[in-house]
Amino acid sequence: MNKATSMNLKINGNIKSFDDSSMTVEGLVMKLNLLGKRIAIEKNGMIISKSEFQNITLQDGDQLEIVGAVGGG
Amino acid sequence: MTQKKDQLMIAGKAYQSRLLVGTGKYKDFEQTRLAIDASGAEIVTFAIRRTNIGQNEGEPSLLDFVPPDRFTYLPNTAGCYSADDAVRTLRLARELLDGHKLVKLEVLGDPKTLYPNVIETLKAAEVLIKEGFDVMVYTSDDPIVAKELENIGCCAIMPLASLIGSGMGILNPWNLQIIIEQAKVPVIVDAGVGTASDAAIAMELGCEGVLMNTAIANANDPLMMAGAMKKAIEAGREAYLAGRMAKKLYSASPSSPSQGLIS
């Protein structure tokens, strides 16, 4: 795999490879079929607001937490 | 004959129902929703977890079944064992829910008993309140800790009746009574309620509400139990407001007249 045209992201604790060298958070959300879902994203420990999804570009090695609401008491 | 409505006030908002419910341990989202409806609850709590990556596009999510126009969301920090994790989780929840402020803080101290860690809870509460959250706080039934949490600015104090998921009922009504007596914010029993009479007793003690999950979800018939809890909370509240008769070992005054007996 050519390093310049792919990147690895750690998403929810698992490494995932993408065939893009540059991708916005919105692009990732689309790739993961999460568009329009109620989620919140943390990148390298910082929360990214939804309004910033299209402006923030991901980089190789970024760590992401993507969370949602689940049943609980 | 305008009677003042008896409402539960939390962080400036009025609620008709004094039963708050969790969303865990149900068979599916459909049953979750039906149980919430049967309970009459208006405040619904849920956890924040990593999203399932690689899910199908049409996969339903819990919040689709609990519409925000009908229910007040109460994201919680269930599963957090440190103040940092709890604060981080609720910041994510606020982002997830577009700036939503009302949260349930719970910091656990022991995975076996799920007993709360009040030291971490106090730390987290302080940070969250500074950040503008309205914090309903799960805690032990220690009156001093309850008072501290209120002084920090928590909008509801939620002591356990007994351990989470135990269904053991109210183990220390005396402590609860002290907490209720001293509190100026609502005291809501959270955790340990097993059946309807437990909920009624909590309300008769003067609690402003009860939060439960397992007692409904793990009943043989969750929907029927949800209805039973609704009635128990209402009955307990009315009994509290009505003011019970004094207890005495025996009474020299019978309920029926002592005159006019046949002889």
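Since the model is a prediction, treat every value here as computed from it, not as a measurement.

A. View of the overall build of chain B. Looking only at helices and strands, chain B has 9 helices and 10 strands in total. In terms of overall dimensions, chain B is globule-like: its C-alpha atoms have a radius of gyration of 20 Å, near the 18 Å expected for 263 residues. Considering only C-alpha atoms, chain B reaches an extent of 85 × 45 × 40 Å along its principal axes. Among the 263 residues that make up chain B, the fraction classed as buried is 49%.

B. Examining the overall build of chain A more closely. When helices and strands are tallied, chain A shows 1 helix and 7 strands. Going residue by residue from the N terminus, the α and β elements of chain A occur as β-β-β-α-β-β-β-β. For chain A, the C-alpha radius of gyration of 13 Å lies close to 11 Å, the compact-globule estimate for 73 residues. Projecting the C-alpha coordinates of chain A onto the three principal axes gives extents of approximately 45 × 25 × 20 Å.

C. Expanded view of the pairing of strand E5 (residues 72-75) of chain B. All names here are of chain B. Burial along E5 is two-sided: Thr-72 and Leu-74 facing one way and Tyr-73 and Pro-75 facing the other are all buried. The pairing of strand E4 (residues 43-50) with E5 spans 4 bridges and is parallel. Residue pairing across strands places Val-44 opposite Tyr-73, the latter belonging to E5.

D. Region of interest: the interface of chain A and chain B. Across the contact, 26 residues belong to chain A and 31 residues belong to chain B. For the pair chain A and chain B, the summed buried area comes to about 2,500 Å², and 55% of that belongs to carbon and sulfur atoms. Of all residues in chain A, A:Arg38, A:Ala69 and A:Gly73 bury the most surface against chain B, accounting for 24% of the area lost on that side. For A:Lys50, the salt bridge identified is with B:Asp98, shortest N-O distance 3.0 Å.

E. Focus on the environment of B:Leu74. Here B:Leu74 shows up in strand E5. Sequence separation between B:Leu74 and B:Lys101 is 27 residues; the distance between their C-alpha atoms is 8.9 Å.

F. Local environment of the packing of aromatic side chains. Residues and elements named next belong to chain B. This structure, assessed with the given rule, holds 2 aromatic pairs over all chains. Their ring planes at 40° and their centres at 5.4 Å tell us that Phe-29 and Phe-65 sit as a pair that is tilted. Placement of the pair is Phe-29 in helix H1 (residues 29-39) and Phe-65 in helix H2 (residues 62-65), with a sequence separation of 36 residues. Judged by its relative accessible area of 21%, Phe-65 falls in the partly exposed class. Geometrically, the ring pair formed by Phe-46 and Tyr-73 is edge-to-face, given 5.4 Å between the ring centres and 80° between the ring planes. Placement of the pair is Phe-46 in strand E4 and Tyr-73 in strand E5, with a sequence separation of 27 residues. Tyr-73 carries the same exposure label as Phe-46, and that label is buried.

G. Molecular detail of unusual backbone geometry. Residue and element names in this part refer to chain B. Although it is not a glycine, Lys-25 sits at a positive phi angle of roughly 70°. Note that Lys-25 resides in the loop between strand E3 (19-21) and H1. Non-glycine residue Ala-191 carries a positive phi angle of around 90°. Topologically, Ala-191 is positioned in the loop between strand E9 (188-190) and helix H7 (196-204).

H. Geometry of the confidence of the model for chain B. When pLDDT is averaged along chain B, the result is 95; 98% of the residues meet or exceed 70. For this predicted complex, the interface score ipTM comes out at 0.90, alongside a pTM of 0.92.

About the criteria used
Residues numbered from 1 in each chain as written. Chains lettered and ligands numbered in written order. Predicted model: local features only at pLDDT ≥ 70, side-chain atom pairs only at ≥ 80, totals over all residues. Heavy atoms only, no water. Helix = DSSP H or I, 4+ residues; strand = E, 2+ residues; numbered from the N terminus. Rg over C-alpha atoms; globule rule 2.2 N^0.38 Å. Buried < 20%, exposed > 50% of the residue type's maximum accessible area, 1.4 Å probe, protein only. Pairing = 2+ DSSP bridges. Contact = heavy atoms within 4.5 Å. Buried area = accessible area lost by both parts, 1.4 Å probe. Salt bridge = Lys/Arg side-chain N within 4 Å of Asp/Glu carboxyl O. Phe/Tyr/Trp six-rings, centres within 6.5 Å; stacked < 30°, edge-to-face > 60°. pLDDT = per-residue confidence, 0-100.

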